[in-house]
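# Structure at a glance
These are the residues of each chain, in order.
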Amino acid sequence: MPDSGVLNSSHKRDIGADLLLTGCLLLVHPFLIFLIGNLSLIAGRPLCSCYFFAASLITFPAGLILCKRIIGRCDFRKTLLISAGVVSAPLLIGLPASKIYDYSVDGQTYHLEMVLQLADGWVPGKEERGVLGPLSAYMNHFPAGDAVIRGVDYMLTGRVESSKAFNLTILLSSFLIVSGGLLRYSTRLNWIQILALSFTAAYNPVSVSQLPSFYIDGILSSLLVILFFILLMPEEMDVFVQRVILLPVLCLLAGSKFTGLVFAILIPTLILCGRCYFSRPFPIRSHCLYLCIAWVVMLMACFHPYLTGIRDHHHPFYPLAGPDAVDMTTIMEENRPANFNSMNRFQRLFHSIYSEMGQQSTSTTDQPSRLKCPFTFNYQNVRKITATADIRVAGWGPYFGLALIACFLIFAVSLFQNQLLAMLFLSINGMIFITGIINSEAWWARFTPHFWLIPIITCALIWQGTSSRILRSLANFCILICVANVLILGSLRCTGTWRVNNRIIRQIEMIRNLPQPVRVVYGFIRSTRIRFAEAGIMTFELPKEENLGEGEWANAFTGSDAKIFIPHVDANGTIIQKK
């Protein structure tokens, strides 16, 4: 049967329903772990691996309810198969993930340490642990939603790196929800357009960069993709399904990061106001009521750190704000490029978008950011930078600035051809810009990952709302730029991670062959101890480097500041003792 290019066949709608159901359950399952784990912590009880199985049991009846609303009937067999796949996904993904090491500094410090401490019986809000020295305030008072999910996973598998599977499952959830929802409910988009939109939205630069790390901004980015999609979907989408998706997204946003709470409140509020203007009649009362209920549940589920922060330190965002807050001004000055400190937030953002990709900060280099032509990128520079989890300057990719130029051209043309479409374009993208620029560090992509959605939403509006050849050609050009951007970043990130991980694996094998126990001095990154333990390496910790005989102190492996003592041996392999 020939494909007309328009998604109105029952076959395509059925595929969309299956994808949407799978994506929803991929979101619901970790949310249930998060909810059960947080309720346990609020009650003063430590985490338990059985929470994974409890969440798995609840996932199936939740799937039956969603199946009834999405497909139109309760398909017991299909829901059982999808639920089984969803529950086993983090375990299956965790197998290769356990072989991929996070070598980022922040990922190995308070992000990973939070997982290790939760698995060790730590109850945040009830007790504080000082294992990280000055960074302990971050671990004790930052949101721990992602760490709860990862902690339960780690307790189940016994491999801490496998808990990074949550990064990929939430990315897959965003892809399936967007693609399945468009297939199910959109009537004017073809297969290629839906695949391009869902791929570029889910496979975004921040999520891809942080996929093999314990950073949480990639998770935040995937959740924002889902949030924008369900709030901007056409009226044909079942309201019950929208609300079922909305609650986990809001809770996980607030439970992952302080900026997530701001996004969880501001973005739904602004989109709701916009839909009241553009969609008439609109059930404003029922939506507002549900949103308020969802916010109450969100704050109760995230009792720590927001309510405990108010109780103990008189501010929900402690230690970043409040009477005893850390000096974030100095910290951010040390993490900006040298020329950014004399700029305002708008200038920083412009320079970040249209500069060469880089890690420039005054603590590592005095080189300023360098503007470039939007049509070009330095391959060697991008290759070097994409080996890191935290790209600072131009973190949205080398061609993001070019995509924004295409969006500006689309807006200019639509002003003459379709004023309503131009108004819609300005309202949605203006809202994205406002919710990002309120952060003075909006230039840093991991703080404003949703800026990436501006060209994607623009293309969706054009394809859905007009038949103008000029506008559709510009939208095609814009989406091609986005696809090229994420393919470049993704491929280079994969090769960079592969290269560094092979080096770490060789270093661990070398340490394993040293006489046991290995003398070690831990530095700033204390989570290195778990890698030694999982590799079967016995260690003896020393408070500082000492003269232990004929030998030398050396860095343990790439990304770690731990040092090991390597004794000298003679030709027979005997350790040379100190004379």
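Residues numbered from 1 in each chain as written. Predicted model: local features only at pLDDT ≥ 70, side-chain atom pairs only at ≥ 80, totals over all residues. Heavy atoms only, no water.

## Examining the sheet that holds strand 1 (residues 518–521)
To be explicit about the condition: Here, a strand pair is defined by DSSP locating no fewer than two bridges between the strands. Comment: elements are numbered from the N terminus, with helices defined as DSSP H or I runs of at least four residues and strands as E runs of at least two. Axis geometry follows a simple rule: fit a line to the C-alpha atoms, using only the stretch in contact for helices, then measure angles between N-to-C directions, giving values from 0 to 180 degrees.
Ordered by their spatial adjacency, four strands build an open sheet running 2-1-4-3, and the pairing between neighbours is mixed. Two strands lie at the open edges of the sheet, namely strand 2 (539–541) and strand 3 (551–555), each paired on one side alone. Recorded for the sheet is a direction-independent mean angle of 35° between the axes of neighbouring strands.

## Some details on the side chain of E113
Here is the rule: The criterion used for residue contact is that any of the two residues' heavy atoms lie within 4.5 Å.
With respect to the helices and strands, E113 occurs in helix 4 (residues 105–119). Residues in contact with E113, not counting those within four places in the same chain, are V131, L132, M139, R526, S527 and R529.

## With respect to the nonpolar core
Here is the rule we go by: We call a set of buried residues a nonpolar core when its members are Ala, Val, Leu, Ile, Met, Phe, Trp, Tyr or Cys and they connect through side-chain atoms within 4.5 Å of each other. Under the scheme applied here, a residue whose accessible area is under 20% of the maximum for its type counts as buried, over 50% as exposed, and between as partly exposed, the area being computed with a 1.4 Å probe on protein chains only.
If you look at the biggest cluster of nonpolar residues, it comprises 155 residues, and the most contacted ones within it are L27, I70, L227, I245, L250, I267 and I432. What I245 contacts, discounting residues up to four positions off in sequence, is C24, L27, I177, I226, I230 and M237. Of all hydrophobic cores here, the second largest spans 19 residues; its members include A387, L514, V518 and A562.

## Describing helix 2 (residues 50–70)
Filter applied, for reference: By this rule, a helix spans an expected 1.5 Å times one less than how many residues it contains.
With 21 residues, helix 2 ought to run about 30 Å at 1.5 Å a step, and its terminal C-alpha atoms sit 30 Å apart, in line with that. For helix 2, the complete set of buried residues consists of Y51, F52, A55, S56, T59, F60, G63, L64, L66, C67 and I70. In the segment just after helix 2, G72 is the residue with positive phi, at about 105°.

## Considering the packing of helix 12 (residues 258–278) against helix 19 (residues 419–437)
Rules: Geometric relationships in this document are graded by angle, where less than 35 degrees denotes roughly parallel, more than 145 denotes roughly antiparallel, 65 to 115 denotes roughly perpendicular, and other angles denote oblique. Each crossing gets its hand from how the near helix is turned against the far one by less than a right angle, where anticlockwise is left-handed and clockwise is right-handed. In the scheme used here, Gly and all other residues not listed as nonpolar or charged are polar, with Ala, Val, Leu, Ile, Met, Phe, Trp, Tyr, Cys and Pro taken as nonpolar and Asp, Glu, Lys and Arg as charged.
Two elements in contact, helix 12 and helix 19, have axes separated by 10 Å at closest approach and are oriented at 165°. With respect to their mutual orientation, helix 12 and helix 19 come out roughly antiparallel. Crossing handedness for the pair helix 12 and helix 19: right-handed. Residues F263, L266, I267, L270, I271, Y277 and F278 of helix 12 form the contact with helix 19, whose own contacting residues are L420, M423, L424, S427, M431 and T435. Each residue belonging to the contact of helix 12 with helix 19 can be placed in one class, and the counts come to eleven nonpolar, two polar and no charged.

## Considering the pattern of salt bridges
Rule in force here: We count a salt bridge whenever a side-chain nitrogen from Lys or Arg sits within 4 Å of a carboxyl oxygen from Asp or Glu.
Summed over all chains, the structure comprises 20 salt bridges. The closest approach of N and O atoms between R159 and E534, which form a salt bridge, is 3.7 Å. Highlighted residues: R159 in the loop between helix 6 (145–157) and helix 7 (165–185) and E534 in helix 22 (residues 528–534), separated in sequence by 375 residues. Residue E534 is classed as partly exposed on the basis of its relative accessible area, which comes to 21%.

## Overview of the confidence of the model for the protein chain
Our working definition: A score between 0 and 100, pLDDT records how confident the predictor is in each residue.
Looking at the protein chain as a whole, the pLDDT averages 90, with 95% of positions reaching at least 70. Every residue in residues 1–7 is under pLDDT 50, and counting partners more than four places away or in other chains gives 16 contacts.

## Brief notes about the environment of A301
With respect to the secondary-structure elements, A301 resides in helix 13 (residues 284–301). Classification of A301 by relative accessible area gives buried; the value is 4%. As a C-alpha pair, A301 and L420 span 119 residues in sequence and 40 Å in three-dimensional space. Ignoring anything within four residues of it in the chain, the contact list for A301 reads F34, L35 and N38.

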